[in-house]
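# Understanding the architecture of this molecule
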Amino acid sequence: LLKRYEQDLATRAPILAVTEKEADWYRNYFHSKSTGYIPVFVGWDQPWCKTGPGTFCLYQGNLSVPENEKAVAWLLENVFNGIDVPFIVAGKKPSGRLKRLIDANAGTCLVADPSVQSMQELITKAQVNILPSFSETGIKLKLLNAVFCGKHIITNKEMVQGTHLETACHIAGNAEDYKKTILRLMEKDFTEQEINLRKNLLDNFYNNDKSAEKLIAWIW
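To start, this report covers the structure provided alongside it. (Residues numbered from 1 in each chain as written. Predicted model: local features only at pLDDT ≥ 70, side-chain atom pairs only at ≥ 80, totals over all residues. Heavy atoms only, no water.)

### Thoughts on the overall build of the protein
When you go through the protein residue by residue, the secondary structure sums to ten helices and eight strands. The C-alpha radius of gyration computed for the protein amounts to 19 Å, which stays within 12% of the reference 17 Å derived for 220 residues, consistent with globular compactness. In terms of overall dimensions, the protein has C-alpha extents of about 55 × 40 × 30 Å along its principal axes. Put simply, the protein has 220 residues, and 47% of those count as buried. Residue pairs at least 24 apart in sequence account for 66% of intrachain contacts in the protein once pairs closer than 6 positions are excluded. Carbon and sulfur atoms make up 53% of the accessible area of the protein, which totals about 11800 Å². Within the protein, the 25 negative side-chain charges are centred at a point lying 4 Å from the centre of the 26 positive side-chain charges. (Helix = DSSP H or I, 4+ residues; strand = E, 2+ residues; numbered from the N terminus. Rg over C-alpha atoms; globule rule 2.2 N^0.38 Å. Buried < 20%, exposed > 50% of the residue type's maximum accessible area, 1.4 Å probe, protein only. Contact = heavy atoms within 4.5 Å. Areas by Shrake-Rupley, 256 points an atom, 1.4 Å probe, with all protein chains shown as cover. Lys, Arg positive; Asp, Glu negative; His and termini not counted. Charge placed at Lys NZ, Arg CZ, Asp CG, Glu CD.)

This is the structure:
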């Protein structure tokens, strides 16, 4: 039913996708006659990253989402089980199962239902924002938040697919890659050079003014 609905919609109205991959999907699969790509609008006009050292790793997200709970469980069971690095998990509505899993892991603590301000402070202060994903589904806003506001970022190819943010992240393929990269980055300063790289990257692909101009052009 949804497939037929999307097929009909693609022939009736312009389609604006938030990733180039999704735009290509509408062109190739639904044969949309008018399809474009406009990045998501973000809450920042420039990076708010801070130089200097952090003392912990952070995973942040909506913990009531099964995929995010799965990611935290995977990190606890496969990555932070073998390294002595403080790990904070922050997000809303963690399940009882997730709370018990975190309580059972020394060196890991849960920040449940943090305020927006508290969450942003955690993202900014963390030495490493660690954000694995198990699916290639659009652009994850938590990744953009970390790129705009955080220090080092470790993720995988599924998370950055089609986002243009690969050069702002350290890409890991398996649990051992995550461990080695975490230990290396915990000792590595986050510098002005890396912030400038992000400024150029984000201005090219996630600039609200440029996106607004594209949207106005599409409307008219």
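### Notes on the layout of surface pockets
Within this model, the largest pocket holds a volume of roughly 250 Å³. Lining the largest pocket are 13 residues, with G61, N62, G91, K92 and M119 positioned closest to its centre. For the lining of the largest pocket, the elements supplying multiple residues, two or more each, are α5 (116-125) and α6 (141-149). Residues belonging to the lining of the largest pocket are distributed by class as follows: four nonpolar, seven polar and two charged. (1 Å grid on protein atoms, 1.4 Å probe; cavity = no way out; pocket = protein on both sides within 12 Å on 5 of 7 lines; lining within 4 Å. Points joined across faces, edges and corners; volume = space filled by probe spheres on them. Nonpolar A, V, L, I, M, F, W, Y, C, P; charged D, E, K, R; others polar.)

### A word on the packing of aromatic side chains
How two aromatic rings sit relative to each other is set out by the distance from centre to centre and by the angle between their planes. Per the stated rule, a full pass over the model turns up seven aromatic pairs. Relative to Y29, the ring of W25 lies with its centre 4.5 Å away and its plane at 20 degrees, an arrangement referred to as stacked. Placement of the pair is W25 and Y29 together in helix α2 (residues 20-29), with a separation of four residues, close to one helical turn. Residue Y29 is classed as partly exposed on the basis of its relative accessible area, which comes to 36%. Seen in terms of ring centroids, Y29 and F30 are 5.1 Å apart; in terms of plane orientation they differ by 80 degrees. Their pairing is edge-to-face. (Phe/Tyr/Trp six-rings, centres within 6.5 Å; stacked < 30°, edge-to-face > 60°.)

### Topic: the sheet that holds strand β4 (residues 87-91)
Taking strand neighbours across the sheet as the criterion, the six strands line up as β5-β4-β3-β6-β7-β8 in an open arrangement whose pairing is parallel. Two strands bound the open sheet, and with one partner strand each, they are β5 (108-112) and β8 (170-171). With four bridges joining them, strand β3 (residues 57-60) and β4 adopt parallel strand pairing. Each bridged residue has a counterpart across the sheet, and for L58 the counterpart in β4 is I88. Where α6 meets the sheet, it contacts β3, β6 (128-131) and β7 (152-155), and its direction lies at approximately 165 degrees from that of β6. Each of β3, β6, β7 and β8 touches helix α8 (residues 175-185); the most contacted strand, β7, lies at about 175 degrees to it. (Pairing = 2+ DSSP bridges. Axes fitted to C-alpha atoms, helices over the stretch in contact; angles between N-to-C directions.)

### Regarding the environment of Y59
On the secondary structure map, Y59 appears in strand β3. Taking the relative accessible area as the measure of exposure, Y59 reaches 0% and is therefore buried. Between the C-alpha atom of Y59 and that of L141, which follows or precedes it by 82 residues, the distance is 13 Å. Excluding residues that lie within four positions of it along the chain, Y59 makes contacts with N68, A71, V72, L75, F87, I88, V89, A90, I130, L131, P132 and K142. For Y59, the side chain forms a polar contact with the side chain of K142, separated by 2.9 Å. (Polar contact = N/O pair within 3.5 Å; in protein donor to acceptor, adjacent residues only side chain to side chain.)

Shape is all these values report; function is a separate question.
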